[in-house]
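Residues per chain, in single letters:
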Amino acid sequence: MASLSEILDTATGMGYCMNDEAFYLEMLAEYVKNDRLADLESSFAKGDFENYRINMNSLKSTSLTIGAVALSETAKTIEIACKEGNVDFVRSQHEKCMADYKTVLEKLSNYLAAGES
């Protein structure tokens, strides 16, 4: 899993998966399958910050579970800003967070596809 080390703290992810590599790989596949990009982009574009916050909360939790700690922390700060009504902060962080999320999804997709061949 060395190729994942640039985007994931695999030790953290494995810890959440009881150090079971097969289960961890299942969780990575679920993470990719449950891509929330469209929901996040849609609620952001509509200014629906309640649904945006809910999706950001999910992104925070699932990212931490697989070991995407940096993405999880970013999602957490955005979620808190939503709760506090700090829309300016949310707007200032949205694009970078989505870019980071896309990177994690792409790298995981490529990693999982390579593992299946």
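Residues numbered from 1 in each chain as written. Predicted model: local features only at pLDDT ≥ 70, side-chain atom pairs only at ≥ 80, totals over all residues. Heavy atoms only, no water.

**Q** Explain the overall build of the protein residue by residue, including any values.
**A** Assigned secondary structure in the protein consists of six helices and zero strands. On C-alpha atoms alone, the protein measures out to a radius of gyration of 14 Å, which is about the 13 Å that the 2.2 N^0.38 rule sets for 117 residues. Taking the principal axes of its C-alpha atoms as reference, the protein extends roughly 45 × 25 × 20 Å. With 117 residues in all, the protein has 36% of them scored as buried. Across the protein, contacts joining residues at least 24 apart in sequence account for 64% of those joining residues at least 6 apart. In the form shown here, the protein has an accessible surface area of approximately 6,400 Å², with 50% of it arising from carbon and sulfur atoms. Averaging the positions of the 11 positive and the 19 negative side-chain charges in the protein gives two centres separated by 6 Å. (Helix = DSSP H or I, 4+ residues; strand = E, 2+ residues; numbered from the N terminus. Rg over C-alpha atoms; globule rule 2.2 N^0.38 Å. Buried < 20%, exposed > 50% of the residue type's maximum accessible area, 1.4 Å probe, protein only. Contact = heavy atoms within 4.5 Å. Areas by Shrake-Rupley, 256 points an atom, 1.4 Å probe, with all protein chains shown as cover. Lys, Arg positive; Asp, Glu negative; His and termini not counted. Charge placed at Lys NZ, Arg CZ, Asp CG, Glu CD.)

**Q** Please set out helix H5 (residues 69-83) residue by residue, giving values where relevant.
**A** Helix length check: H5, at 15 residues, gives a terminal C-alpha distance of 21 Å against a target of 21 Å (1.5 Å per residue), a fit within 8%. Along H5, the positions that sit buried rather than exposed are Leu71, Ser72, Thr74, Ala75, Ile78, Glu79, Ala81 and Cys82. Just downstream of H5, Gly85 is the residue with a positive phi angle, here 75 degrees. (Expected span 1.5 Å × (residues − 1).)

**Q** Break down unusual backbone geometry for me, citing the residues and quoting the values.
**A** Excluding glycine, a negative phi dihedral is what most residues carry, and trans is how most peptide bonds are arranged. Even without being a glycine, Met18 presents a positive backbone phi close to 55 degrees. Examined against the element boundaries, Met18 turns out to sit in the loop between helix H1 (10-16) and helix H2 (21-33). With relative accessibility at 64%, the residue Met18 sits in the exposed group. In this structure, Asn19 is a non-glycine residue whose phi angle is positive, near 55 degrees. The topology assignment puts Asn19 in the loop between H1 and H2. The exposure class of Asn19 is exposed, given its relative accessible area of 59%.

**Q** Got a sec to walk through the environment of Leu112? Specific residues and values, please.
**A** Secondary-structure assignment places Leu112 in helix H6 (residues 87-116). Residue class for Leu112 comes out buried when judged on its relative accessible area of 15%. Dropping the residues within four chain positions of it, Leu112 is found in contact with Leu25, Leu28, Ala29 and Val32.

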